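# Fold and contact review
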Amino acid sequence: MSSCGNPAVEEQPLMPRECFQSCPPLSHSLGAGRSKFGKSKDCVRCRLQPGNIVIRHAVYCKECFTPIVDMKFRKALEPSVNARAGTSKRPKLKASGNLCLGFSGGLGSSILLDMVHNTYFSNRPPLDDSGKPRGGSNHPRNASVWPSCIVCYVEVCGAFPGMQDKTEDIRSVVERYPSFDFVPLRIEDAFDESWWTKVSGSNSTPQVWLELSKEGLITDGLHVASKVTGLTPVEATRLYLSSLPTQTAISSALQNLTRVLILHTAHSGGSSHLLFGSSLTSLSISLLSAISQGGGYAIREELQEEWAPVAASGSKPSNVLRVIRPLRDVTAKECAVYSWWNNVSVIGRDKQRRAILGIAALTKNFVVGLEKDYPSTVSTIARTCEKLEPKDAPSGQCRLCKRPMQSAIQEWKGRISIRSYSDDKLAADLAHIPLPCRSNLDTNTPSQVPPLLALTDFLCYSCHTTLTSRSSRGVKQAAPGVSSVTPLPIWVGDRGLHRDGLMGGGARRKIPEQEMLDTVANFLIDKQDDEG
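Residues numbered from 1 in each chain as written. Predicted model: local features only at pLDDT ≥ 70, side-chain atom pairs only at ≥ 80, totals over all residues. Heavy atoms only, no water.

- Looking up the protein chain in an unreviewed UniProt entry gives the name Cytoplasmic tRNA 2-thiolation protein 2, with the organism given as Suillus fuscotomentosus.
- Per UniProt, the protein chain has the following entry under Subcellular location (unreviewed entry): "Cytoplasm".
- Among the UniProt annotations of the protein chain, the heading Sequence similarities (unreviewed entry) holds the following wording: "Belongs to the CTU2/NCS2 family." (UniProt positions renumbered as here; feature names shortened; annotations may be inferred.)

What follows is the structure in structure tokens.
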């Protein structure tokens, strides 16, 4: 054998064949590929059966896998069931209200639906002829954690022409669980006054329209429409989404609308807990996506939160809704195997909705690709985000997404952003930019201080970025002659904006100094008259 040559044409391998036979077999998930488990192929839990699946370098058999997932589910949910934490190590579970499940038809929510039913609702005692539990209603065996459970599904086909309506398919899945009540919602309900009256009890909430072209989203661009606007909720929804500047903004807006619709529905139905079926993989993707879009201040609310609508007096009501993700310790791989082995029906999501995800799609491709070679990727992301917390207390609740809002957002953004290229030094730096691209930049108008009040003061940084971000590859701009005014969700025009003076006859504005002098001129004492 030559010392140097082309290995592809060597007749004999560099290592003898008997050495290959003595090496351990290379396998991936008990198949071909790189080894991703320990020395034993037996289940690490029972140590009797051969393994069927590899989860983070650990091998599990089919019989032990389902109890492991159930344990993770209960461990993430049950500590938050009771309104107050007791001193007992194993307290009796009793919620203060009903249960609401957010259902999308995807993998995680389908498994959540099945696990909640099998764990808390399928073992209810039989009823007698009068419809009461046998043994008396006060018997310990008849105690249930939640009195009832509703399943909320938000249909988004109204936002995109040609998309298939899957409400009846979702209904057929939910009806397999007789203990659950199905509550269908539609994405256009966010612009429907009748729906808002039903869930909030407010009969005089107007539709708010905003000119996104106004710098700083000032109050001059805020309009209150009459009860008859000429637009149906479906048309208002499509106009709102088409007015957003980027594909990422459309995806973020759909997620916010869906979330707020379910929040208000659950709260109005007397629910004390709202469960979402976000797996560890999808949760890690949403955390990174939210941070990249400016939602880092409310990152803890992505994991778990206690939510309630802001009352008229600004105080927080007592009936708080706990938003929990019980599958936050279960990976997407575990969810897929669980649904296959337990015959869980998964409808799936429409591909047309996935095509516009923007930053979320890029983040998903990055995390899923990294997870293939580094199984602890999603766990590391979630555990790291759990340690994050904001420096300051929130200044209120965002009018658009209903998340905690950072204070002085406009001032902070003004310090870190370049809003004008009027400076001579900045203009000199633009000399290398081609003329067609340079013509789109503002090099003449100086940066203006925003007015006293603007809608920006009532939005979180993420929602402000959603409404005002710009991209050369964004959605199509409005045609010439078409109004740039876009409707906002119905809850933005709640009584809070009237109280803060952004709408109605009591709207406040910044009064010029000369106007103030003219107002009080008759009440001022002339200096010469005072000396005389």
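## Let's talk about the nonpolar core
- Residues Y240 and W491 are the most contacted members of the largest nonpolar core, which totals 52 residues.
- Looking at this core, the elements that each hand over two or more residues are β4 (149-155), α5 (193-200), β6 (207-211), α6 (233-242), α7 (247-268), β8 (271-276), β10 (321-324) and α17 (461-468).
- Among the elements that take part in this core, α7 stands out by supplying 10 residues, more than any other.
- In contact with Y240, other than residues within four places in its own chain, are F191, A253, L257, L400, L467, T486, P487, L488 and P489. (Core = buried A, V, L, I, M, F, W, Y, C linked by side-chain atoms within 4.5 Å. Buried < 20%, exposed > 50% of the residue type's maximum accessible area, 1.4 Å probe, protein only. Helix = DSSP H or I, 4+ residues; strand = E, 2+ residues; numbered from the N terminus. Contact = heavy atoms within 4.5 Å.)

## Quick word on the side chain of D189
- Along the chain, D189 falls in the loop between β5 (180-186) and α5.
- When near neighbours in sequence (up to four residues on either side) are disregarded, D189 contacts W195 and L261.

## As for the pairing of β8
- In terms of burial, β8 is a largely internal element, six of the six residues being buried.
- The sheet contact formed by strand β3 (residues 98-102) and β8 spans five bridges and is parallel. From the neighbouring strand, G102 faces β8, where its bridge partner is F276.
- With three bridges connecting them, β8 and β10 associate as parallel partners. Each residue of the ladder has a partner; that of H273, found in β10, is R322. (Pairing = 2+ DSSP bridges.)

## Let's talk about the pairing of β6
- Counting buried positions along β6 gives five out of five residues, so the element sits mostly inside the fold.
- Along β6, one buried face is formed by Q207, W209 and E211 and the opposite face, lined by V208 and L210, is buried too.
- Two strands pair when backbone bridges link them, and β6 and strand β13 (residues 485-487) are joined in this way by three bridges, in the antiparallel orientation. When the sheet's bridge partners are listed, W209 is paired in β13 with P487.

## A look at the sheet that holds strand β9 (residues 305-307)
- Reading across from one edge, β5-β4-β3-β8-β10-β9 is the order of the six strands in this open sheet, with mixed pairing throughout. Two strands lie at the open edges of the sheet, namely β5 and β9, each paired on one side alone. Sheet twist, expressed as the mean angle between neighbouring strand axes with direction ignored, is 25°.
- With respect to the sheet, helix α3 (residues 107-121) is in contact with β3, β4, β5 and β8, its orientation differing from that of β3 by roughly 155°.
- On the sheet, helix α4 (residues 167-174) packs against β4 and β5 and is oriented at approximately 165° with respect to β5. (Axes fitted to C-alpha atoms, helices over the stretch in contact; angles between N-to-C directions.)

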